Amino acid sequence: MSGASALQGVRVIELASERCAFAGKLLADMGADVVLVEPPGGDPSRHYAPFAGDRPDPERSLYFWHYQTSKRGITLDLEKEPGRAILSRLIEAADLVLEAEPPGRLEALGLDGAARCESQPGLIWVSLTPFGQHGPRRDEQVTDLTLLAGGGPVWSCGYDDHSIPPVRGSGNQAYHIAGHYAVLSALTAYLHRLAGGEGQYVDLNMHAAANVTTEMASYHWLVQKGTVQRQTGRHAMETITMETQTECADGRHASTGVPPRTPREFQNLYEWIVELGYEEAFPESVFLKMGGERESIDLSQIGQDDEVTAMFAAGRDAMDFIARRVPAFDFFKGAQDRGMAVGVVYSPEEAFEDEHFQARGFPVEVEHPELGRTVTYPGAPYRFEKTPWRIQRRAPLLGEHTREVLREAGLDPEADEP
Amino acid sequence: MTDRSEALSRYRICDFTGQLAGAGATKWLAAFGADVIRVEDPVRQGGWDILRAMPPYVDDRRGVDFGGGFNNHNTEKRGITLNLRTERGKELLAEIVKRSDVVSENFAAGVMERFGFGYEQLKALNPEVIYVSNCGFGHTGPYARYKTWGPIVQALSGLTFTSGLPELPPAGWGYSYMDHTGGYVMAIAILLALVHRERTGEGQWVDLACTEAGLTLNGPALLDYTVNGRPTRRPGEPNSNRSSSPAMAPHGIYPARGDDDWVAIACRNDEDWRALGAVMGGAWASAAAYATLAGRLADQDQLDATLSAWTRTRDKFEVAEALQDAGVPAAAVQKPAERIDQDPNTAAWGLWPSVVHSKMGEVRVDGLPVHFSRTDWKIRRGGPCVGEHTDEVLRELLGASDDELARLREEGVL
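Residues numbered from 1 in each chain as written. Chains lettered and ligands numbered in written order. Predicted model: local features only at pLDDT ≥ 70, side-chain atom pairs only at ≥ 80, totals over all residues. Heavy atoms only, no water.

Draft legend 1. Examining the sheet that holds strand β6 (residues 205–209) of chain B more closely. Spatially, seven strands are ordered β14(A)-β6(B)-β5(B)-β4(B)-β1(B)-β2(B)-β3(B) in an open sheet, and the strand pairing comes out mixed. Of all the strands in the sheet, the pair left with one neighbour each is β14 (383–384) of chain A together with β3 (78–81) of chain B. Sheet strands touched by helix α7 (residues 177–200) of chain B: β14 of chain A together with β4 (102–105), β5 (130–135) and β6 of chain B. Its angle to β5 of chain B, the strand with the most contacts, is close to 165 degrees. Running at roughly 90 degrees to β3 of chain B, helix α16 (residues 390–398) of chain B makes contact with β1 (12–15), β2 (35–40) and β3 of chain B of the sheet. (Pairing = 2+ DSSP bridges. Helix = DSSP H or I, 4+ residues; strand = E, 2+ residues; numbered from the N terminus. Contact = heavy atoms within 4.5 Å. Axes fitted to C-alpha atoms, helices over the stretch in contact; angles between N-to-C directions.)

Printed below as a string of structure tokens:
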């Protein structure tokens, strides 16, 4: 493995915002030189819980730590002319600007991104806004919750009982969705430039991003005017489907996945029931055995051929029967070792500790010199053979690299007080 | 091949992907002009990608060329069939690999090796090739052979668990969120590898495990665990309609008048809280106990109950509009029809382009949430029917003659 980085030398200016922080991290962890520009008082996300040691402090927000890895940080007061002049100078030397300012704010400050791309033809400018730069809803206020509610994902998530509100999954996923699209855009525009093309301005609409991240909900409406309905722990569908989530013997849950369909799967399931000592206790054991002894099973005969119908039902019931009698992890391992796609519903920390992710080196250590210790972070979303993902450094302290960055830009940090 | 975006038009993708986790990745590339050639099995009529024949449907016709989801995820791609059980099929694939920049797939680990086209073989054919594989657990580690699909990836990566309400089982994501996201991350991987190759001439293999991509979406919660030792599995959690990072209250999804109608409201700070109070009127919102975030966080159940009583008798769009007018983040939980056919934002954006599919005719599909000032995406051609472009591609890339194509078809190669 060489130490090269895919984005080594790519210069990015990121105006701090919770909405584009993830995109900046993705670029920075692949080697881009991302300079995070914060206002003098720091980005508001420095005050987001949780905090290291539960001590609220702008240098101890674990939220900020996570989303700002590998970046350098400077402070600039964009409300004042010297700050704007310095930002403009930094942009001159940049390949990419990443920002999520409200529509109109930068124009008012004399930093119009679209115009800048005209005057600086190599520049790529990616702007993330809730509804795009020009849309009729562009001035609405949003959070992750309202984006996911208005944009579609929430409609599909929740419980069979519709007197319970639909559910927003946690983790600020609307920002992740937009962040992924921001990086796709930045890299696509950059490849076009590498091929001799010009840079360009990218208008990213976060509400639209959520809208096209809803799978069947959108295309069932688009194609056949069908409306999916939310269902506990499984896909929202136009019709109500069988439950696929079971509470296991230890109170944890498992996703029972796709019921057995092939003779080999029936054979394996039958043997598992026998191994566990449940051949007598499980009333349909005989149908599992029959399924295992067959040459083939024609699933289109379900509901028509009594034997096939009984076997299919027995397979599904057997999965549920076992799931209720063993711990969730054992059910997952037992089924997967027998070739059946089953999942254990892990909490994030349980996944983090799992042997598979440990073996693949998912958790990574990052130096925190200011604390005199290392901290374990979530690792790579992908494994590059030649240009590995890597956290270059922990999130910047407030203004940590202001002097260094100004000096590199040929500015005198003493004279050009940001 | 006219009238396509120029952004990625120099690249050819030899594409084995399917479903959404893989096909979603190459949809982006094709929309920006890459020549994405889907390679499918003529014997199974492309049936490995089960979406080919699954609902929704535009009319009564059924079969591998009529799946609405497949069409949605495969716009602007070309489709060919090659029987890789035959020697001649393998030879033809080898020739296509030599002429491709990227080979992409989302089979279970080990399948490409069984075809005889693992990374080592691909590299021997094309030393600069980029190979991006996308599967549930990646190609190494104890679970490399385990099988997944979207809901299992979400279960394993913590995303199912963290979506739910107290005292209830996990609600999870009511769709394959990680198939979408797996596709995004896969496309990012392909683009990153292309950048590196442009600058160094070096290809590489990217091993993408969807579960790991999912795990990265729990960052602050994982750091709370590694730094503070605080697990996410603890009493009262998850309660994911609320917000603790950052802390906000009230923050939730509230009932509205109408059939399964709901409205989301988030008070980011004291100012939002006062504005909400002014819209609602009455003494409740000026109670001293609720003036600060700490006070509101301490009494969220009561806050939610009172707010629900107010929203319950009102129209969700009217509530959202009144709050937006006061500067408070609020949005109706939109049903598909509402956000697709009635929301002025998605229409003005051109978010639902119509494509022309060779058999289905004109169909609306998901567009993209970005607009580029110079080389914007174009989505006009529907997903390919099975083998729709076999002759065209083999003629164009390999100079195959009509006789040759007829012979290959007779021999069961195409």
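Draft legend 2. Highlighting the sheet that holds strand β9 (residues 245–247) of chain A. Residues and elements named next belong to chain A. The three strands lie next to each other as β9-β10-β11, forming an open sheet whose pairing is antiparallel. Either end of the sheet is taken by a strand with one partner, and the two such strands are β9 and β11 (343–344). Of the pairings in the sheet, the one linking β9 to strand β10 (residues 253–255) comprises three bridges and is antiparallel in character. Bridge pairing in β10 links Gln245 to Ser255.

Draft legend 3. Spotlight on helix α1 (residues 21–28) of chain A. Most of α1 of chain A is tucked away, with eight of its eight residues classed as buried. The secondary structure elements touched by the buried residues of α1 of chain A are β1 (11–15), β2 (33–38), α2 (62–67), β4 (96–99) and α7 (173–194) of chain A. (Buried < 20%, exposed > 50% of the residue type's maximum accessible area, 1.4 Å probe, protein only.)

Draft legend 4. Expanded view of the pairing of β1 of chain A. Residue and element names in this part refer to chain A. A large share of β1 lies buried, amounting to four of its five residues. Bridge count between β1 and β2: five bridges; the pairing is parallel. The partner of Arg11 across the bridge, within β2, is Asp33. As a crossover connection, the stretch from β1 through α1 into β2 is right-handed. In the sheet, β1 pairs with β4 via three bridges, with the strands oriented parallel. Along β4, the bridge assignment pairs Ile13 with Val97. (Right-handed = clockwise from strand over helix to strand, strands pointing away.)

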